[in-house]
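# Overview (structure and organization)
One-letter residues, chain by chain:
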Amino acid sequence: LAHEEERQAYLSWEQIVGLHRAGFEIGNHTINHCCMNASTPDVEIERVIDELDQKFAHYGIPKPTTYAYPGGPYCAQAVPPLKKRGYQLARTAIQAPWNRSKNDPFIVPAFFVHGSDNTAFLNAVKPRNDDTVVVLIYHGVPDILHGHVNTPPANFIFQMQYLKDNGYRVASMRDLYAEVCPPLD
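This one's a predicted model, so the numbers in the text were calculated from it and none came from an experiment.

## Here we look at the pattern of salt bridges
Tallying each qualifying case throughout the model produces six salt bridges. With a shortest N-O distance of 2.5 Å, Arg85 and Asp50 are connected by a salt bridge. One end of the pair, Arg85, is in the loop between α4 (79-84) and β2 (89-91); the other, Asp50, is in helix α3 (residues 42-58), and 35 residues separate them in sequence. The exposure class of Asp50 is partly exposed, given its relative accessible area of 25%.

## Topic: the environment of Gly86
Residue position: Gly86 is located in the loop between α4 and β2. Once residues within four sequence positions are removed from consideration, Gly86 is found in contact with Lys63 and Thr65.

## Structural notes on the environment of Asp53
Within the fold, Asp53 resides in helix α3. Classification of Asp53 by relative accessible area gives buried; the value is 11%. In this structure the C-alpha to C-alpha distance between Asp53 and Lys63, which are ten residues apart in sequence, comes to 6.1 Å. Setting aside residues up to four positions removed in sequence, Asp53 forms contacts with Asn28, Lys63, Pro64 and Tyr87.

## Some thoughts on unusual backbone geometry
Here the bond from Val141 into Pro142 is cis, since omega is -10°, no more than 30 degrees from zero. Within the secondary structure layout, Pro142 lies in the loop between β6 (136-137) and α6 (153-165). Although it is not a glycine, Thr30 adopts a positive phi angle of roughly 75°. With respect to the helices and strands, Thr30 occurs in the loop between α2 (13-21) and α3. On the accessibility criterion, Thr30 (7% relative accessible area) is buried.

## Overview of α6
The terminal C-alpha atoms of α6, which comprises 13 residues, lie 18 Å apart, in line with the 18 Å expected from a rise of 1.5 Å per residue. Every buried residue belonging to α6 is among Asn155, Gln159 and Leu163, and all of these are buried. All buried residues of α6 project into a common sector of 75° when viewed along the axis, lining one side. For α6, exposure combined with an orientation more than 90 degrees from the buried face picks out Ala154, Ile157, Lys164 and Asp165. A positive backbone phi angle near 75° is found at Gly167, which sits one or two residues after α6.

## What about the confidence of the model for the protein?
Confidence in the prediction of the protein, expressed as mean pLDDT, is 88, and 95% of residues score 70 or more. Model confidence for the protein, summarised as mean pLDDT per element, is weakest for helix α1 (residues 3-9) at 72 and strongest for α6 at 96.

## Regarding the nonpolar core
Met36, Tyr67, Tyr69, Ala78, Leu82 and Phe106 are the most contacted members of the largest nonpolar core, which totals 14 residues. For this core, the secondary-structure elements that each account for two or more residues are α3 and α4. When residues in this core are grouped by element, the largest group, three residues, is from α3. Counting residues in hydrophobic clusters, the runner-up holds eleven residues, among them Trp98, Val135, Ile137 and Met173.

## Some words on the environment of Glu46
Checked against the element boundaries, Glu46 lands in helix α3. Separated by 16 residues in sequence, Glu46 and Thr30 place their C-alpha atoms 9.3 Å apart.

## Section: the packing of aromatic side chains
Applying the stated criterion across every chain yields a total of nine aromatic pairs. Ring centres 5.9 Å apart and planes at 70° place the aromatic pair Trp13 and Phe56 in the edge-to-face group. Here Trp13, found in helix α2, pairs with Phe56, found in helix α3; they are 43 residues apart in sequence, far enough to count as distant. Judged by its relative accessible area of 2%, Phe56 is buried. When the ring of Tyr69 is compared with that of Tyr74, the centres are 5.7 Å apart and the planes differ by 80°; the resulting orientation is edge-to-face. Overall, Tyr69 belongs to the buried group, its relative accessible area being 1%. For Tyr74, a relative accessible area of 34% corresponds to the partly exposed category.

What counts, and where the lines are drawn
- Residues numbered from 1 in each chain as written.
- Predicted model: local features only at pLDDT ≥ 70, side-chain atom pairs only at ≥ 80, totals over all residues.
- Heavy atoms only, no water.
- Salt bridge = Lys/Arg side-chain N within 4 Å of Asp/Glu carboxyl O.
- Helix = DSSP H or I, 4+ residues; strand = E, 2+ residues; numbered from the N terminus.
- Buried < 20%, exposed > 50% of the residue type's maximum accessible area, 1.4 Å probe, protein only.
- Contact = heavy atoms within 4.5 Å.
- Expected span 1.5 Å × (residues − 1).
- Arc of directions from axis to C-beta.
- pLDDT = per-residue confidence, 0-100.
- Core = buried A, V, L, I, M, F, W, Y, C linked by side-chain atoms within 4.5 Å.
- Phe/Tyr/Trp six-rings, centres within 6.5 Å; stacked < 30°, edge-to-face > 60°.

Shown next, in the form of structure tokens:
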């Protein structure tokens with residue numbers, strides 16, 4: 001893609017501010033989407049979290065309390081800096097429902113939902129007889145730059161209608177935390 005087409009494929013800061021003003025939760029995902037692991041220096045983890053928090057502040061977006069690990073894998077090294085900064089939840093890409101009474105709030109599992117086949121979505125949201133919450137990850141609707149995580153708009157519309165028709169309640173991670181999680185030490 002040409003540089004201008006690539007730029008237009010991402011949300012602008014004005015669009016992100018618009019989402020915030022419309023009531024959407026804006027969480028941290030690092031300033032550069034770097035994948036973290038045990039060999040990532042602590043100072044680098046802190047920098048990529050702090051830089052995005054500073055951007056949010058610059059645009060009048062409140063400091064997030066939720067975080068999504070870039071690429072999806074859990075990074076234990078990121079937890080102390082997240083807690084120190086007041087974060088309450090961190091989402092992974094572990095393909096499982098979240099058991100709020102058993103899972104660590106910094107290892108919230110979630111299901112990737114992408115592609116033109118709704119099977120993974122339907123399997124993720126199938127009824128369960130336990131105290132779990134299904135967290136869904138939508139990377140882009142559509143995502144023309146990252147085809148492997150693209151959700152076609154028609155599929156997204158079908159999925160949102162399915163949730164509505166079947167009585168599901170959709171909540172932000174921030175609101176879910178406030179509703180069901182005990183205060184952190």
